[in-house]
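What the coordinates show
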Amino acid sequence: MVSWNTPAVNARANEILSKMTLAEKAAQMVQVPFAYVTREEALMWAKRGAGSFLHVLGNDAREIQAAAMGTRLGIPVLFGIDAIHGHGLNQQAVIFPSQLAAACSWNPEIAEEMGRVTAREVAADGLHWTFSPVLCLGRDTRWGRIDETFGEDPYLAGELGAAIVRGYQGDDISDGEHILACAKHYIGYGDAVGGRDSVDTEMTFRKLKETFLPPFARAVEAGVATIMTAYGSIDGTPFTASERAMRTILRDELGFAGFVVTDWDNVASLVNNQHVAADIDEASLLAARAGNDMMMTTTAFYESAIRLVESGKLDESVLDEAVRNILRVKIAMGLLERPQDRGTPACLGCAEHRESALAAARESVTLLKNDGALPLDPSIRSIAVIGANADDIRAQYGDWTYFTHPHPSPKTTPARPYVTLLEGVQMLAEPHGIAVTYARGCGPLPNEADDLDAAVAAAQDADFIVLAVGDVIEQSGEFRDRADLSLSNRQEELFFRLRALGKPVVTVLIATKPLCMTKVAEESAAFIAAFNGGMYGGQAVAEAIFGALNPSGKLPISFPRHSGQIPVYYNSMPGWHGGKYVDLPDTPLFVFGEGLSYTSFAYENVHVDAQTLQLSVRLTNTGARAGSETAQVYVRDLVSSVITPVKRLIAFQKVTLEAGESRELVFQLKRDDFSLLLPDELRVVEPGEFTLFVGGSSKDGDLLRQNINLS
Ligand code: BGC
């Protein structure tokens, strides 16, 4: 783990700081948006000593760095980019499953490997920093950025978040193979009212600390170098202006030692959107005081900061502190010694990295329903693959690739191989002489090529139908929330017309989030959630269909039955009317932690020692083939002075067992796992009885229980 705050690093930062002018300090706090300035302006900013640029690749980055190195102090620029699931803005790089899809693996090793490979590819481009991971919780699935989250649960998001941070940053961040991570968006962004991107949150500091902070705390423990401020607000204060969030909680309580970067133009937003500052000087004052060290894209901060210090409104020590935080990170990562060409260019999209993308895709495949149609019966002679998303690599990739954010793409032809679902089915069918036909039918958005009759005709003579449904990138991402999550366009009609043919229909969801597709999922012979599986997402699903892969994904997020049920998440608070609707079951369609396998698992002999807090359970693969299972441990505080969730994940383990194999799993729990926050925000364990649950999903019926008494 990298340390950003050693005496040697501090001493060097202070030495540089002592030589800096006020203007150089103000420039160091600015991050310049390369795509929004001219080349001359970019070079001017480099010469002024701007601390960072975002979204620059290759030779452009080299030219800017050379200009920065030629300045009086020669402090190198940090180049940041959104390498969210792979270095997706570069057309040569590998594309991993989205964070949400990767979270289905419930496997921190997958997250760490994703980080490691992405770091190598970003470094190969001469860049130093990714704006990842997103540690917001995906609770309101109407929100456009659900795909960027690790799902709805703070513990799972924290474990996967810490793992990906380790992958990005490694043990030696100066080795040219690793980059800075950025935990974002601090904080509560995913809890925006109505799932509407970047609006206000209904949040208290207690709720923030209890639910939304834990993943960030884990990232800080893992040594994350940077934190990005959220767009939203808390109790009337924009997070950008919240000293309590940024200084008291993040620095004093969590001990964060890296630097804070705002999100896109957050400083100007205090004037233009949130209306808590009359002009840019006032906004700059609020942002700097609150503890934002670097201002993303608000280049006007530069003049404002100088004016504010010169007029005595802002103490220069506030700038010193911010610049020191930035310099420390630059020094600790060895940027001053090696500002250019730190990486290994030949690694971009290399075979080893592609293997990792395939491994991640395989572990993300989540089988949610199977009436026995899968794996495919070997006697099947023909398959009809239907649906636009079965052969749409943009939909399979999802957000944050060169398709969705074209600005920094270098002018090269995509060299990256990928496998769509159709191509995957074709690949696996061919050796068995199984015929594959394809018809588009329709996609998530109306298109003149939509033709349901042709799809029905293509499926007419097939033995088996694979239907891909989902969403496309125009329906998700920033600025693109949805009020209605039912299957869009004519996708549901397409399903029922195919279903009427009386053949097994396996439905595959290729989407950025759980969609509300209750009838379709229930009436499919089998239902697979693939989400955005990345470059090999289609291959992984095809392998699962053919039985070459035994699916092991578990949902990191609940599937609502209906848009009106949102938000729905397993770790809700108890209420005495049971929180029921008169027109809908109160449970989601598929719950957090749920996922099937082609084998079966049995849990027995749960035992908890209240002294050592060790929990053990025997897990047996009771089926006929090897498979992986994720055992999950939840806790419930039976009587507490404040209401606590009906169930809360505190541990999990993913294990692979051969057919018939049995193993005792041991979980070492911590006393803190049983703690709660009192109204005055003091963390305590209240003595009394707790129920521990262990099993294969968060559903009551899937869990064994054991009560313990803690004194
Ligand atoms: C997003 C961030 C992203 C930044 C830079 C913002 O609009 O909210 O997640 O890192 O842009 O692209």
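What counts and how
Residues numbered from 1 in each chain as written. Predicted model: local features only at pLDDT ≥ 70, side-chain atom pairs only at ≥ 80, totals over all residues. Heavy atoms only, no water. Helix = DSSP H or I, 4+ residues; strand = E, 2+ residues; numbered from the N terminus. Rg over C-alpha atoms; globule rule 2.2 N^0.38 Å. Contact = heavy atoms within 4.5 Å. Areas by Shrake-Rupley, 256 points an atom, 1.4 Å probe, with all protein chains shown as cover. Lys, Arg positive; Asp, Glu negative; His and termini not counted. Charge placed at Lys NZ, Arg CZ, Asp CG, Glu CD. Buried < 20%, exposed > 50% of the residue type's maximum accessible area, 1.4 Å probe, protein only. Pairing = 2+ DSSP bridges. Axes fitted to C-alpha atoms, helices over the stretch in contact; angles between N-to-C directions. Domains from an automatic or database assignment. Buried area = accessible area lost by both parts, 1.4 Å probe. Salt bridge = Lys/Arg side-chain N within 4 Å of Asp/Glu carboxyl O. Polar contact = N/O pair within 3.5 Å; in protein donor to acceptor, adjacent residues only side chain to side chain. Nonpolar A, V, L, I, M, F, W, Y, C, P; charged D, E, K, R; others polar. Phe/Tyr/Trp six-rings, centres within 6.5 Å; stacked < 30°, edge-to-face > 60°. Near = heavy atom within 4 Å.

1. Description of the overall build of the chain
Along the backbone of the chain there are 21 helices and 25 strands. For 711 residues, the compact-globule estimate of 2.2 N^0.38 gives 27 Å, and the C-alpha radius of gyration of the chain, at 26 Å, lies within 12% of that figure. A sequence separation of at least 24 residues applies to 76% of the contacts in the chain between residues at least 6 apart. Put simply, the chain shows about 24,700 Å² of open surface, and 50% of that area lies on carbon and sulfur atoms. Within the chain, the 90 negative side-chain charges are centred at a point lying 1 Å from the centre of the 62 positive side-chain charges.

2. Section: unusual backbone geometry
Going from Ser132 to Pro133, the amide bond is cis rather than trans, its omega being 10°. Here Pro133 shows up in the loop between β4 (129-130) and α7 (154-169). Each neighbour pair has its own omega, and for Lys184 with His185 the value is -10°, a cis peptide bond. Relative to the assigned elements, His185 resides in strand β5 (residues 182-186). At Trp106, a residue that is not glycine, the phi angle is positive and equals roughly 45°. Mapped onto the elements of the fold, Trp106 is located in the loop between α5 (99-103) and α6 (108-124). Its relative accessible area of 1% is what places Trp106 among the buried residues. The backbone phi angle of Trp400 is positive, close to 60°, even though this residue is not glycine.

3. Things to note about the sheet that holds strand β13 (residues 435-439)
Spatially, the six strands line up as an open sheet ordered β11-β16-β15-β14-β12-β13, and their pairing is mixed. Looking along the sheet, the strands with just one partner apiece sit at the ends: β11 (366-370) and β13. Across this sheet, the average inter-strand angle for adjacent strands is 20°, counted without regard to direction. Strand contacts of helix α18 (residues 452-460): β12 (382-386), β13 and β14 (464-470), with the helix running at about 165° to β12, the strand carrying the most contacts.

4. Brief notes about the domain arrangement of the chain
When its domains are assigned, the chain resolves into domain 1 (7-345), domain 2 (354-565) and domain 3 (601-710). Just the C-alpha atoms count here: the centres of domain 1 and domain 3 sit 35 Å apart. If you look at the interface, domain 1 gives 13 residues, while domain 3 gives 16 residues. Counting each side, the surface lost to burial between domain 1 and domain 3 is near 1,200 Å², with a carbon and sulfur contribution of 57%. Counting the surface domain 1 buries against domain 3, the share from its top three residues, Trp106, Tyr155 and Arg206, is 57%. Linking domain 1 with domain 3 are three salt bridges, by the criterion used here. Across the pair Arg683 and Glu210 runs a salt bridge whose closest N-O atoms are separated by 2.9 Å. Our count for the domain 1 to domain 3 interface comes out at seven residue pairs in polar contact (both at pLDDT 80 or more). For the side of domain 1 that touches domain 3, the secondary structure elements donating two or more residues are α7 and α8 (205-212). Here the side of domain 1 that touches domain 3 takes four residues from α8, the largest share from any one element. Its residues placed into classes, the side of domain 1 that touches domain 3 shows five nonpolar, two polar and six charged.

5. Things to note about the sheet that holds β5
Strand order in the open sheet formed by three strands is β5-β6-β9, and the pairing between neighbours is parallel. The strands lining the two open edges of the sheet, one partner per strand, are β5 and β9 (259-261). Strand-to-strand twist in this sheet, taken as the mean axis angle between neighbours without regard to direction, amounts to 25°. Across three bridges, the pairing between strand β6 (residues 226-229) and β9 is parallel. Each bridged residue has a counterpart across the sheet, and for Thr226 the counterpart in β9 is Phe259. Each of β5 and β6 touches helix α9 (residues 214-221); the most contacted strand, β5, lies at about 155° to it.

6. Let's talk about the packing of aromatic side chains
Here the structure, examined in full by the defined rule, presents 22 aromatic pairs. When the ring of Tyr189 is compared with that of Tyr231, the centres are 5.6 Å apart and the planes differ by 90°; the resulting orientation is edge-to-face. Of this pair, Tyr189 sits in the loop between β5 and α8 while Tyr231 sits in the loop between β6 and β7 (233-234); the two residues are 42 residues apart in sequence, bridging distant segments of the chain. Of the residues examined, Tyr189 reaches a relative accessible area of 1% and is grouped as buried.

7. Re the site of the ligand
Taken together, 14 residues sit near the ligand, with Asp82, His185, Tyr231, Asp263 and Glu478 positioned nearest. Within the side chain of Lys184, one N or O atom sits 2.8 Å away from an oxygen atom of the ligand. A distance of 2.7 Å separates an oxygen atom of the ligand from a polar atom in the side chain of Tyr231. Contact with the protein chains covers 96% of the free accessible surface of the ligand, which is 310 Å². When the residues that make up the shell around the ligand are grouped by side-chain class, the tally is seven nonpolar, two polar and five charged.

8. Focus on the environment of Lys184
Relative to the elements of secondary structure, Lys184 occurs in strand β5. Exposure remark for Lys184: the relative accessible area of 1% places this residue in the buried category. Residues Lys184 and Ala124, spaced 60 residues apart in sequence, show a C-alpha to C-alpha distance of 24 Å. Apart from the residues within four sequence positions on either side, Lys184 is in contact with Asp82, Ile84, Phe131, Pro133, Val134, Leu135, Cys136, Arg145, Phe216 and Met228. Within the local environment of Lys184, its side chain forms a polar contact with the side chain of Asp82, the two groups lying 3.3 Å apart.

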